[in-house]
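Spelled out, the chains give:
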Amino acid sequence: MIRFEPREPASLQRLILIPVAAAIVALVLAAIPITAAGVNVISAYGLMAKGAFGSMFAFTEMLTRAAPLILTGLAAAIAFRAKLWNIGAEGQLYAGALAAVAVGTGWIDAPGFILLPLVVFVGALAGGLVMLGPTLLKTRLGVDEVVTTLLLNFVILLFVQMMLEGPMQDPMGMGWPQSEPMLDAATLPKLMSRMRIHGGLIIAFAAAIAIHILLKRTVWGFEIRAVGENASAAAHAGLPVKATFIRVGLLSGAMAGLAGVGEVAGLKGYLTADLSPGFGYSGIVVAMLAGLSPLGVVIAALFIASIFVGADSMSRATSVSNYLADLIVAMSLICVLISGLFLRFRIKFVKPRTNISQETQ
């Protein structure tokens, strides 16, 4: 008979080693399909590394891909810290992008020093308000937020498609379902000339530092950690559990909304229905790899971004599909979850007890 027994709290070193080991194991396991495709594993991984770090262009492309992953990773990390399971960062990203486009395409006439901060604020607010609904349903009616946030992703994406094919469609877009381009005054500045890297990366880094300070140095951060550890005990101690959930929901949605702002105001310049290749869902993987640490989210996002960008480059030079990146990311998450289980519990094999009556006979 197998029994799980709780372990002592893990040391910081072990907590850091778990995601690193998970990434290494995922890369080792991914070598199997690479070999099956008839490609040398070392050569394939060398091409991936070159595609992500081999030139200034490759490096900046990796950072550009990392910016929305940091923000959606923070959205998941801050919510999961409070045991608020936000699976709707994808929809919140699109809501933030839609709000940013609504303000930044000329609907409001204002100079750049007013318009750009307004675009950023409105995008964050839109993402936060989308998450507010499921949070209120959880705190007031006990509705499972996993279901509501997940289903809202599809509702919001359908709404975005309706807007892009209707009132927000670019009249100069020759019928393509896309929004009008953002005004120059509403776009985030480029960080390097002739590169796509933009100010959204600075916003992502600043958000990670701000949330780290919030969790470690403020009363609100203590409340979030306490509610996440045991909401019933926190309520018994007089902490505002429902208010904490609501604040966390707003902040989590705002982070995902900022990811959408960065994509339309910094990268593409307009909104399309395929704006995100799944940044909201990848953010969950980023948060889990980071152990829900805001600063760890930055490192995990850089790792995931390098895998995606490197796999794209490798697929152009070999017969291996760039879907290998999804495989590596998925296996990394599975390895983290399994190692986390063994970190919290030890497996003990116990002999089943013999029935006393049978022994007497």
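The paragraphs below set out a description of the structure included in this document. Only a predicted model underlies this, so the values are computations on that prediction, with no experimental measurement involved.

Calculation criteria
- Residues numbered from 1 in each chain as written.
- Predicted model: local features only at pLDDT ≥ 70, side-chain atom pairs only at ≥ 80, totals over all residues.
- Heavy atoms only, no water.
- Helix = DSSP H or I, 4+ residues; strand = E, 2+ residues; numbered from the N terminus.
- Buried < 20%, exposed > 50% of the residue type's maximum accessible area, 1.4 Å probe, protein only.
- Contact = heavy atoms within 4.5 Å.
- Areas by Shrake-Rupley, 256 points an atom, 1.4 Å probe, with all protein chains shown as cover.
- Salt bridge = Lys/Arg side-chain N within 4 Å of Asp/Glu carboxyl O.
- Expected span 1.5 Å × (residues − 1).
- Polar contact = N/O pair within 3.5 Å; in protein donor to acceptor, adjacent residues only side chain to side chain.

1. With respect to the overall build of the protein
(1) Moving on: Regarding its fold elements, the protein presents 14 helices and 2 strands.
(2) Moving on: Principal-axis analysis of the C-alpha atoms gives the protein an extent of 90 × 60 × 35 Å.
(3) Moving on: For the protein, the residues scored as buried account for 48% of the 361 residues in total.
(4) Moving on: Within the protein, contacts between residues separated by at least 24 positions form 75% of all contacts whose residues are at least 6 apart in sequence.
(5) Moving on: Carbon and sulfur atoms make up 68% of the accessible area of the protein, which totals about 18000 Å².

2. Observations concerning the pattern of salt bridges
(1) Moving on: With the rule as written, the count across this model stands at 5 salt bridges.
(2) Moving on: Two residues, K268 and D274, come together in a salt bridge whose shortest N-O distance is 3.9 Å.

3. A short note on helix α6 (residues 145–164)
(1) Moving on: Relative to the 28 Å expected for 20 residues at 1.5 Å per residue, α6 spans 28 Å between its end C-alpha atoms, a close match to the ideal helical length.
(2) Moving on: Looking at α6, one finds that the buried residues are E145, T148, T149, N153, I156, V160, M163 and L164.
(3) Moving on: Tucked into the core, α6 has its buried residues touching α4 (89–104), α5 (112–141) and α11 (279–289).
(4) Moving on: With a side-chain oxygen positioned 3.0 Å from the backbone nitrogen of V146, the residue opening α6 is D144.

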